[in-house]
Amino acid sequence: MPLVAGVDSSTQSCKVVVRDAETGALVRQGRAPHPDGTEVDPQAWWNALLAAVDAAGGLADVAAVSVAGQQHGMVCLDEAGRVVRPALLWNDTRSAGAARDLIEEADADGTGGRFWAEATGSVPVASFTATKLRWLARHEPANADRVAAVCLPHDWLTWRLAGAPGLAALRTDRGDASGTGYWSPATGEYRLDLLERAFGRRLRVPAVLGPAEPAGVVDPAALGGRPSHAGTVLLGPGTGDNAAAALGVGAGPGDVVVSVGTSGTVFAVADAPAADPTGIVAGFADATGRFLPLVCTLNAARVLDAAAELLRVGLDELAELALAAPPGVDGLVMVPYLEGERTPNRPLATGAVHGLTLTNATAAHLARAAVEGMLCALADGLDALTAQGARADRVVLIGGGARSAAVRRVAPQVFGCPVVVPPPGEYVADGAARQAAWLALGGAAPPRWPLADTREYAADPVPAIRARYAEARDRTVDRPSG
Ligand SMILES: Nc1ncnc2c1ncn2[C@@H]1O[C@H](COP(=O)(O)OP(=O)(O)O)[C@@H](O)[C@H]1O
Ligand SMILES: O=C(CO)[C@@H](O)[C@H](O)COP(=O)(O)O
């Protein structure tokens, strides 16, 4: 029974699972926190990875390991492989102006969105790596001059596990490459002309591997003296966290996955690439050789964290409170743009509460307004995804926020379709482990791992919730600058 490991280096923490490669049975797991903030020294991710590996009982008995990670983050390396500056994360909005410039520069007659969607599958917003490179070139020229290579969080961690053997050894996969803004899911090729357009010159980028192509082997020295496997430990190509989650839950036709993590994401596996010129749906690639049209919001689980903090309750109590208020919250609406927003593209927006009255000024109403508002933003994403051709027979709900009983029960009312919730787990790390198992066992497809004990939540849709939300969303103003 070979064992494999999967890593999820996500925004808030690093999670490691060790599973049986053939059956998928969970053997052990561990986690370690990441620092707060939207720019992070990658060394903190490496330290957390080692701590999570230790908490998961080490890698001495695993045959292969794959790393999945938060998408888009800009990790810049100099010629010697040193990190040039802290990485700018997917939720750092300082490059919103750069995104706007890149779109405007693409075409004078206002069709820049179409240009980018056709070239890279997506229209750049501040999350995308290309916009961060433009920001760096314009705002930190001395740092920009030192950059020799750019890669993503999961690429860098995979490279560190391989012993950081020189820039030529950097590897990535289709899923994460598709979030850079300079790789085309449709052609499977880099668009280094677009990287040059963003940054002013070309940079070394990681080679893009196929779904089960090894990225190398783990360097025992990289693990800092921890016991290592007697044989070699294969390194998988890894992938972005959403592509890994699709693999982790085994998303099939008719499944739309909704992840309520730091980001809120709505995505499906597709046979053809997407190219949405409005930029609402990002046309990513998946981790099996197919495609992953995806909508991402900046505000998801942390909206619940903020509401709990505001009401001075824990997350379970917040859910109880929310479920004590009526659907539609007697007219109270929360527009949850606490970090600005990416979908819709409103980087300067702030959150707002609309419709406060003496009737609905209670803790329970506010708790439910937070849950409904966060889910309505995701429901807008679900509409956009189905408008692009995705079939939504059911929603598979995952991420830390899916642990909330209120999120699980309110979701079918807002989404208007049944919601399937797998047991609480680390589905991104599981997807990475399943990729590692694919490498370890070989074959044309990843091993079949059953998704046991899912629970279905059904409820009559309450269209008034979304109607009121849409009205409040469009009345929510941007933050004054300065
Ligand atoms: N019972 C719960 N109710 C609501 N939110 C929860 C609950 N448990 C965890 N969370 C939230 O889940 C989030 C972390 O989710 P996770 O999917 O691990 O995020 P990420 O992968 O982006 O780091 C945290 O913001 C945390 O507060
Ligand atoms: O930017 C995106 C997707 O485009 C985010 O989904 C990031 O990949 C961060 O993921 P989490 O840490 O929230 O899982």
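Residues numbered from 1 in each chain as written. Chains lettered and ligands numbered in written order. Predicted model: local features only at pLDDT ≥ 70, side-chain atom pairs only at ≥ 80, totals over all residues. Heavy atoms only, no water.

A. Focus on the pairing of strand S17 (residues 264-267). A two-sided burial pattern is seen for S17, the buried positions comprising Gly 264 and Val 266 on one face and Thr 265 and Phe 267 on the other. By the bridge criterion, four bridges tie strand S16 (residues 255-260) to S17 in an arrangement that is antiparallel. Residue pairing in the sheet places Val 257 in a bridge with Phe 267 of S17. Note that S17 and strand S19 (residues 291-297) share four bridges and pair antiparallel. Its bridge partner lying in S19, Gly 264 is registered against Thr 297. (Buried < 20%, exposed > 50% of the residue type's maximum accessible area, 1.4 Å probe, protein only. Helix = DSSP H or I, 4+ residues; strand = E, 2+ residues; numbered from the N terminus. Pairing = 2+ DSSP bridges.)

B. Structural view of the confidence of the model for the chain. On average, residues of the chain carry a pLDDT of 96, and 99% of them reach 70 or more. Interface confidence for the predicted complex, given as ipTM, is 0.98, next to a pTM of 0.96. (pLDDT = per-residue confidence, 0-100.)

C. Structural view of the nonpolar core. Core analysis: the largest hydrophobic core is formed by 66 residues, its most contacted members being Trp 46, Leu 49, Leu 77 and Trp 156. For this core, the leading source of residues is helix H1 (residues 42-55), giving seven residues. Counting residues domain by domain, this core receives three or more from each of domain 1 (3-241) and domain 2 (250-417 + 452-481). With sequence-adjacent residues up to four places away left out, Trp 156 is seen in contact with Pro 42, Gln 43, Trp 46, Val 75, Leu 77, Val 83 and Cys 151. (Core = buried A, V, L, I, M, F, W, Y, C linked by side-chain atoms within 4.5 Å. Domains from an automatic or database assignment. Contact = heavy atoms within 4.5 Å.)

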